[in-house]
Structure formats: structure tokens, C-alpha cells
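Fold and geometry: a report
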Amino acid sequence: MTGLPSDELLDDTALIARDLIRFDTSNFGEGRSNGETDAAEYVAAHLTRLGLDAQMFESEPGRVSVVARVEGTDRSKPALVVHGHTDVVPAQPDNWSVDPFGGEIRDGMLWGRGAVDMKNMDAMMLTALGDILEAGKRPARDLVIAFFADEEAGGVLGSHYLVETHPELFAGATEAISEVGGYSITLNGSRAYLLQTGEKSLVWVKLVARGTAAHGSHVMRDNAVTKLAEAVAKVGRREWPIRLTDTTTELLGELARILDVDPLTVGPDELALATGSASRFIQASLRTTTNPTALTAGYKHNVIPDTAEALIDIRSLPGEEDAVLAELAEIVGPDIEIVVMHRDIGLETEFAGPLVDAITGTLKRHDPGAPVLPYLLSGGTDNKALSTLGIKGYGFAPLKLPPEMDFASMFHGVDERVPLDALVFGRRVLSDLLLNY
Ligand SMILES: [Zn+2]
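Predicted model only: the values in this text are computed from it and were never measured.

How each quantity is defined
Residues numbered from 1 in each chain as written. Predicted model: local features only at pLDDT ≥ 70, side-chain atom pairs only at ≥ 80, totals over all residues. Heavy atoms only, no water. Helix = DSSP H or I, 4+ residues; strand = E, 2+ residues; numbered from the N terminus. Rg over C-alpha atoms; globule rule 2.2 N^0.38 Å. Buried < 20%, exposed > 50% of the residue type's maximum accessible area, 1.4 Å probe, protein only. Contact = heavy atoms within 4.5 Å. Areas by Shrake-Rupley, 256 points an atom, 1.4 Å probe, with all protein chains shown as cover. Lys, Arg positive; Asp, Glu negative; His and termini not counted. Charge placed at Lys NZ, Arg CZ, Asp CG, Glu CD. Phe/Tyr/Trp six-rings, centres within 6.5 Å; stacked < 30°, edge-to-face > 60°. Lys NZ or Arg CZ within 6 Å of the ring centre and 35° of its normal. Pairing = 2+ DSSP bridges. Axes fitted to C-alpha atoms, helices over the stretch in contact; angles between N-to-C directions. Parallel < 35°, antiparallel > 145°, perpendicular 65-115°, else oblique. Left-handed = near helix turned anticlockwise from the far one by under 90°. Nonpolar A, V, L, I, M, F, W, Y, C, P; charged D, E, K, R; others polar. Donors = N, O, S within 2.8 Å, 3.2 Å for Na, K, Ca; no water. Tetrahedral: all angles 85-135°; square planar, octahedral: opposite > 155°, others 65-115°.

1. A closer look at the overall build of the protein
Helix and strand counts for the protein stand at 12 helices and 21 strands. A globule of 437 residues ought to have a C-alpha radius of gyration of about 22 Å, and the protein, at 23 Å, matches this closely. Projected onto the principal axes, the alpha-carbon positions of the protein cover approximately 80 × 55 × 55 Å. The buried share of the protein, reckoned over its 437 residues, is 56%. Contacts spanning at least 24 positions in sequence make up 78% of the contacts within the protein whose residues lie at least 6 apart. As displayed, the protein offers around 18300 Å² of accessible surface, 50% of which is attributable to carbon and sulfur atoms. If you average the places of the 38 positive and of the 65 negative side-chain charges in the protein, the two averages end up 1 Å apart.

Here's what the structure looks like:
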């Protein structure tokens, strides 16, 4: 006896998510990736078993996305895109308590890279669809089911590739749901759900410092490493001012109401902190962030290199990309070159309308009494690419989580894991929403 649940006792959602975690689809960025072929073939086979025509698209060797359409009964209704990505960020196994690609089940949780970002939702999409189609039912509107490659590097070889080269796949679609929203948080001891109604912009830049190559023992004031280090420290320490958008204004108002505090005396950061571990998501949605994430310079202890480079992950509020880049240039000064490696827009959509009503109504049926609040995601998703086709994207991958869980730290974090019963909850909520919207 191992004390572990046997496979027969596990929900299919956990089994599928576990299978997907065991495909190491690490995306290292800058074009380096293990690729998504195995995961794409797996989800395509599943969709085919459900009677759907799963189309595979390879943007570059090994970079495979999968799309299938479920025909609705009422073709007059616009289609809904339900999308996930099959790539994951890399994991450093030494830091983990389990093999990040082992798909281990322990303590009522499924562990592994992708358990929350976002092989959980990929699996929920498949089982929720199965619940509908295998019961002989069909949703009213068309569903465009998409599993994208390359989301973790901005979707260039996944969602962006598909909306540019095959926009017909998304014909008739006006709305989309996907990751990083729909999960529960704990406020004053009670559950509430965050629905993602917007995303910050994303600008990935490289700072390049140039100097004079020389022997490491020389007097050298034109040292690229020193110049770069000064610039990186300034960028990393920059405190960007709080600016509220429609979404964060509405969220903070709701938080103040639920927590019964006066928003005029309690500041935005303080209100965000009252959300516990979710404050990691919410505080970052109140301002721009410019985090240094990588450094490259030098090749020998006693050689001064002529260049030094740093990567900065900039997440600006929607529409502020150019202003932030201009300010960044002032911060680092004229000696440092700023190379924009990748940039993408921010999004903000209203917390109202039939889809929002359907989502809040569905959550009410499955978790009565828990309020649903809008929030602005500090990261980005494939909704950015879909927005270029006029599709409004929401983050809704429903999970009912235990209060002690620090969910925000699971994203790209060490020991990423998801409760097994949250996957079952997500499957039920999603199949209810997809069937009845
Ligand atoms: Zn993700």
C-alpha cells in the first residue's frame, strides 16, 4: 500500500492533466523550445475520439497548435473560443520536491510544471467537452476549441501565427475564455472568485552596454559590465506610480465593500494586501513593473568584455507602452541601448454583458454565495492575439481552492500543484457554462 489513490479513483481531468505534464513542453524563449508535438497529438487524439475534426498547425518544426470546432445548434449566435496553451515555462528540478515532469499525485494534489499554467485547464476543456458531447448534447453556439503552442514566449509561433495565417478558424467568434481567472480567493474568511477582464501590456527589452575590451588587471572606466549593472539596478528599483484603470477601480471598490473598509482611508496597496496571496496578482495590476530577469556578460575571469546585456520584463498598464519605454530610456541614460525583443498590447473589457452574466450565474450554481469580481491580469495570455480579430477575451479557468493555498505563487513557481477536487469543480463549472451559454 502506498496510500496513493489508484488511477480508477481519479477523475479523468486529473489523469489527462497528469499525462500532459509528463510531456516536457518547456519553452525557453528566444526560439528555444522542446516543442509541443507530443501534447498536441495527445489533445488532437482526444478531440477526435469525441467526434471532432481536430486540425493541427505547425508554425515551425515541432511548434504545433490544435484547433477544432464544435458546431452549435443555433448558428445565429456568435461563436465562443475556448483556448489553452500546451507549452510551459522550464523548471529547475533541483528546486522542486518532486520531479516537475513526473505528474506526481500526492496529498490530494497533482504536482508538476503546468499543473496550474495551464495543463489543468487543457484537461478541464477536454473533460468538460466530453461531458457534453458524450451525453449526446450540443451547445447553442459554436465553440472553437484551441490548444496553442508558444504562449510562454508571447505566442508568436502559436496564437499569433494562427490568427495571422488562419483567421478563418475563428470566423464568427466574438468572445474567448482561457487561463488566469475564475479561481477562488479568500476575503474575510469567505470565498470569492476573480474573473479576468483585462491584461497588462507586455514589453520585453534587452539592455545592451558597450565598453572597451581589455585585460582584467587594467584601469578601465569604460567597463560594459559596470555600466550595465548601474542601469539594471536603477530599472529594478524604479517604483512606478499607481494608476487605476476601470477594472482596478471596480475591483478595489468591491474589495472595500466586502472587507467593509473605507476606500478613502485605505489605500489601493493596502486593500490589495487584504486579499492575502492573491495580492501578488492584484498589486501588480495597479502599476507598471520593470523587472530585470537575466544577465549575460563576459567569458573569462581576467578579461573585461566589450558588451554586457540584461533582459527586462516590462508589464505596463494598457496603452502606456510607449510612455514607459521613453521613461526607461531616461532611466538608463544614453550609454545603454534598448532593444525591444517582443511587445504586445494590453486589454481591458467590461465586466458586464451576456458572457459575464453566464459566468457569474454558473459560478453561483456551483458555489452559491461567493461573489465574482473583475481583475486586471498582471501577465498576458493568448487573448492578446485573439483581440486582433476583434475577439474579447476573459480569463476563466474555474477552480475552487482551499483558503490556505498560495495560488498566485504557483504560476511559473516551484512545486506547482493543483488540488484534485479543484479540477473536478472546474470540469463541472466549465461543462455547465459551455453547454448553457
Ligand atoms: Zn499560461
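2. Quick word on the environment of Ala326
Among the structural elements, Ala326 can be located in helix α9 (residues 321-332). As a C-alpha pair, Ala326 and Pro419 span 93 residues in sequence and 44 Å in three-dimensional space.

3. Details of the packing of aromatic side chains
Under the criterion given, the structure shown has nine aromatic pairs. Aromatic pair Phe407 and Phe411: ring centres 5.2 Å apart, planes at 85°, arrangement edge-to-face. Phe407 gets classed as buried once you look at its relative accessible area, which sits at 6%. Ring pairs connect the aromatic residues Tyr183, Phe281, Tyr375, Phe407 and Phe411, which therefore count as one cluster. Here the basic side chain of Arg141 rests over the ring of Tyr437, its NZ or CZ set 3.7 Å away from the ring centre. Over the aromatic face of Trp240 sits the side chain of Arg238, whose NZ or CZ is 4.5 Å from the ring centroid.

4. Notes on the sheet that holds strand β21 (residues 417-419)
What holds strands together in a sheet is hydrogen bonding between their backbones, with the strands either parallel or antiparallel. Taken in spatial order, the three strands make up an open sheet running β6-β7-β21, and their pairing is antiparallel. Two strands bound the open sheet, and with one partner strand each, they are β6 (105-106) and β21. Relative to β21, strand β7 (residues 109-111) is paired through three bridges, and the arrangement is antiparallel. Among the inter-strand pairings, Trp111 is bridged to a residue of β21, identified as Arg417. Helix α1 (residues 12-22) rests against β6 and β7 of the sheet, and its axis sits at about 15° to β7. This element, helix α12 (residues 420-436), spans β6, β7 and β21 of the sheet and lies at about 70° to β21.

5. A few points about the packing of α1 against helix α2 (residues 37-49)
The axes of two packed helices give the description: the angle between them and the distance between them. Remark: α1 packs on α2, axes separated minimally by 10 Å, with the N-to-C direction vectors making an angle of 155°. When the axes of α1 and α2 are compared, the pair comes out roughly antiparallel. As α1 packs across α2, the resulting crossing turns out to be right-handed. Contacts from Leu15, Ile16, Asp19 and Leu20 of α1 reach α2 at Ala39, Tyr42, Val43 and His46. Looking at the contact of α1 with α2 residue by residue, the class counts come to six nonpolar, one polar and one charged.

6. Looking at the packing of α1 against helix α3 (residues 119-133)
Between α1 and α3, whose axes approach to 8 Å, the crossing angle comes to 135°. Looking at the two axes, α1 sits oblique to α3. For the pair α1 and α3, the sense of crossing is right-handed. When α1 is examined against α3, the residues Asp12, Thr13, Ile16, Ala17, Leu20 and Ile21 are found in contact with a partner set consisting of Lys119, Asn120, Asp122, Ala123, Met124, Leu126 and Thr127. Taken together, the residues that form the contact of α1 with α3 break down as seven nonpolar, three polar and three charged.

7. Some points on the pairing of strand β9 (residues 173-178)
Regular strands place their side chains on alternate faces of the sheet. Counting buried residues along β9, five of its six residues qualify, which places the element largely inside the surrounding structure. Sheet topology places strand β5 (residues 79-85) next to β9; four bridges connect them, and they run parallel. Bridged to Val82 within β9 is Ile177. Relative to strand β20 (residues 392-395), β9 is paired through four bridges, and the arrangement is parallel. Bridging from a neighbouring strand, Ser178 pairs with Gly395 of β20.

8. Things to note about unusual backbone geometry
Residue Asp117 is joined to Met118 through a cis peptide bond whose omega torsion reads -10°. Structurally, Met118 is set in the loop between β7 and α3. Positive phi, close to 55°, is recorded for Asp107, a residue that is not glycine. Mapped onto the fold, Asp107 is located in the loop between β6 and β7. Asp107 gets classed as exposed once you look at its relative accessible area, which sits at 65%.

9. Some details on the coordination of the zinc ion
Looking at the zinc ion, one finds its protein donor set to be His85 (NE2), Asp117 (OD), Glu179 (OE) and Glu179 (OE), positioned 1.8 to 2.8 Å from the metal centre. Of note is the zinc ion, whose four donor atoms meet at the metal with angles of 50 to 151° in an arrangement that counts as irregular. Sequence spacing among the residues donating to the zinc ion works out to H-x31-D-x61-E. Here the residue Asp117 occupies a position in the loop between β7 and α3, and Glu179 occupies one in the loop between β9 and β10 (183-187), the gap between them amounting to 62 residues. Looking at Asp117, the relative accessible area reads 5%, which means it is buried.

Read these as geometric descriptors, not functional statements.
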